[in-house]
Amino acid sequence: MSITFRIATAADDIAGPRAIITARQLAAFRAILRQESVRTGTVLLDPESAEDAYLAYHFEARVCPLALASVASLFAFDADVISVVEEAQFRGRRVSVYRDEVAGTIGMRVSLTSDLGLELNLGNANAHALLESLGLRPDSIGAISIATMRERLTNPAVQRRVSAEGLADYVGRLDRLLASADTDDSSRLEWA
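Residues numbered from 1 in each chain as written. Predicted model: local features only at pLDDT ≥ 70, side-chain atom pairs only at ≥ 80, totals over all residues. Heavy atoms only, no water.

J.: Honestly, the overall build of the protein chain in this entry has me stumped. Any pointers?
T.: Secondary structure summary: the protein chain contains seven helices and nine strands in total. Looking at the protein chain as a whole, 39% of its 192 residues qualify as buried. Restricting the contact set of the protein chain to residue pairs at least 6 apart, pairs at least 24 apart contribute 66%. By element, 53% of the accessible surface of the protein chain is carried by carbon and sulfur atoms, the whole surface being about 10200 Å². One way to put it: in the protein chain the 20 positive side-chain charges average out to a point 2 Å from where the 26 negative ones average out. (Helix = DSSP H or I, 4+ residues; strand = E, 2+ residues; numbered from the N terminus. Buried < 20%, exposed > 50% of the residue type's maximum accessible area, 1.4 Å probe, protein only. Contact = heavy atoms within 4.5 Å. Areas by Shrake-Rupley, 256 points an atom, 1.4 Å probe, with all protein chains shown as cover. Lys, Arg positive; Asp, Glu negative; His and termini not counted. Charge placed at Lys NZ, Arg CZ, Asp CG, Glu CD.)

J.: Would you mind showing me how to read the pattern of salt bridges here?
T.: Any two side chains of opposite charge can pair, given that their charged atoms come close. Inspection of every chain in the model, using the stated rule, returns eleven salt bridges. Here Asp115 ties to Arg62 by a salt bridge, and the two come within 2.9 Å at their closest N and O atoms. With a gap of 53 residues between them, Asp115 in the loop between β6 (105-114) and β7 (120-123) and Arg62 in the loop between β4 (59-61) and α2 (68-74) connect regions that are remote in the sequence. Like Asp115, the residue Arg62 is buried in the burial classification. Via salt bridges that share partners, Arg6, Asp12, Asp13, Glu87, Arg91, Arg93, Arg188 and Glu190 belong to a single interconnected network. (Salt bridge = Lys/Arg side-chain N within 4 Å of Asp/Glu carboxyl O.)

By themselves, these are just geometric observations and shouldn't be taken as functional.
Right, here's the structure in full:
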C-alpha cells in the first residue's frame, strides 16, 4: 500500500466540469498527445498503453503545454470540453479520461493530479516515518494547511529530525510540491 501527498484546493471539494466525448475524438486526442510529446520532448499521456483495453479508456493527459484552441478543435469546439480543458489549464492540473461502463460513455474531467506530476507517492512505512518526523500523527489520511506545513519545514528541530532519520530527500520533494501550491487560504496538503 502507498500514501500519496498532493495539493488540494476548495475547487477540489465541488464537482467540476465534465464532458462526454466520442471514441473517434478520443483517438484524435491520443494521437495529438503522442505527436506533441515527440515534438516537445515531454510526456503528455500517462500511461501510454493504447493496446491495453482498460488503459485505452482510463488515463490522464497533460493539457497545460497545449493551446486551448488546438485541443478544442479536436472536439469540434464542444463547450463542455473547453470548460474541462480551460479549468485544468487554469488550475495547473491534468485531465482525466475515463469510461463510464454503466452509461457506456467516455468522459473527461479535471484530474486531481498536478500538470507536472509533483505528487509524492510513498510506501506506508516511509510516509508514516515522514509524517512522524514532521511532528504529525502517522495517519493514512490527513490534511494540513500549506502555511502550517511550510512553517514546520523551516523549523530547525524538524529539519534536524528529518536529517537524522534520512528523510531529507522526501522533504525536498515535498517542498517542491508545496512550492506549486496557490497561496490562498483554501490550499492544503492532503495525504491518503
